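# Architecture at a glance
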Amino acid sequence: MPIFAVHYTYSDATVPGRDAIRPVHREYLGGLAAAGTLLARGPYPDGSGALLIFETADADEVRKLLAADPFQVEKLVDNTRIVEWLPTDGFPSK
C-alpha cells in the first residue's frame with residue numbers, strides 16, 4: 001500500500017484554538033495509529049506545523065481521514081500538503 005507524507009502548516013493566529021483542541025486531535029490520531037493507518041506523527045519544533053505519515057490505498061483516503069481530524073474540523077490548519085512518499089531506508093515496512 002502507498003505511503004503518504006502529510007505536512008500541516010500552522011499560523012500564530014491558530015495557537016489558542018490548537019491548544020484547546022489538541023487533546024481531542026491527539027486522541028483522533030491515536031485511533032488512526034492504533035488501526036495501523038497512521039504510521040508516524042509529530043509537530044515541528046518551531047511550531048510551524050506537523051508531519052503525519054499515512055499508509056492508505058490512495059490520497060483520497062488520506063483526505064477523508066484528515067477531514068475528520070479535529071484540527072481540520074475547527075479550521076486550525078492553514079495549509080495541508082499530501083505527497084506520496086517512497087521510503088528507501090530506515091522506515092519499517094509491513
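Residues numbered from 1 in each chain as written. Predicted model: local features only at pLDDT ≥ 70, side-chain atom pairs only at ≥ 80, totals over all residues. Heavy atoms only, no water.

### Considerations on helix α2 (residues 59-67)
Going by this rule: The cut-offs for exposure are 20% and 50% of the maximum accessible area for each residue type, with area from a 1.4 Å probe on protein chains only; residues under the lower value are buried, those over the upper are exposed, and the others partly exposed. Numbering of helices and strands starts at the N terminus; helices are DSSP runs of H or I of at least 4 residues and strands are runs of E of at least 2. In this description, the arc belongs to the directions extending from the helix axis to the C-beta atoms. Any two residues having at least one pair of non-hydrogen atoms within 4.5 Å are treated as being in contact.
Taken residue by residue, α2 has A59, V62, L65 and L66 as its buried positions. Buried residues of α2 fall within an arc of 115° about the axis and therefore sit on the same side. When the buried face of α2 is taken as reference, the exposed residues oriented beyond 90 degrees from it are K64 and A67. Looking at the buried residues of α2, the elements they touch are β1 (3-9), α1 (15-34), β3 (49-55), α3 (70-73) and β4 (79-85).

### Some points on the pairing of strand β2 (residues 38-43)
How we decide: DSSP bridges decide pairing: two strands pair if at least two such bridges lie between them.
Bridging between β2 and β3 involves five bridges; their strand directions are antiparallel. Bridge pairing in β3 links A40 to I53.

### With respect to the nonpolar core
The test is simple: By nonpolar core is meant a set of buried Ala, Val, Leu, Ile, Met, Phe, Trp, Tyr and Cys residues that side-chain atoms within 4.5 Å join together.
The biggest cluster of nonpolar side chains holds 17 residues, and the ones touching the most others in it are V6, Y8, L52 and F54. Within the residue set of this core, elements represented by two or more residues are β1, α1, β3 and α2. Examining the composition of this core, we find that four residues originate from one element, α2, more than from any other. Those residues within four positions of Y8 in sequence are excluded, and the remaining contacts are H25, Y44, S48, G49, A50, L52, L66, D69, Q72, V77, N79 and T80.

### Overview of the sheet that holds β4
For clarity, the threshold we go by: To obtain an axis, a line is fitted to C-alpha atoms, over the contacting stretch when the element is a helix, and the angle between two such axes runs from 0 to 180 degrees between their N-to-C directions.
If you walk across this open sheet you meet the four strands as β2-β3-β1-β4, and the pairing is antiparallel. Among the strands making up the open sheet, the edge pair consists of β2 and β4. Neighbour-to-neighbour, the strand axes of the sheet open up by a mean angle of 15°, direction not taken into account. Contacting β1, β2 and β3, α1 crosses the sheet at an angle of about 155° to β2.

### Some points on unusual backbone geometry
Positive phi values are uncommon outside glycine, yet K75 reaches one of about 60°. Assessed through its relative accessible area of 68%, K75 is described here as exposed.

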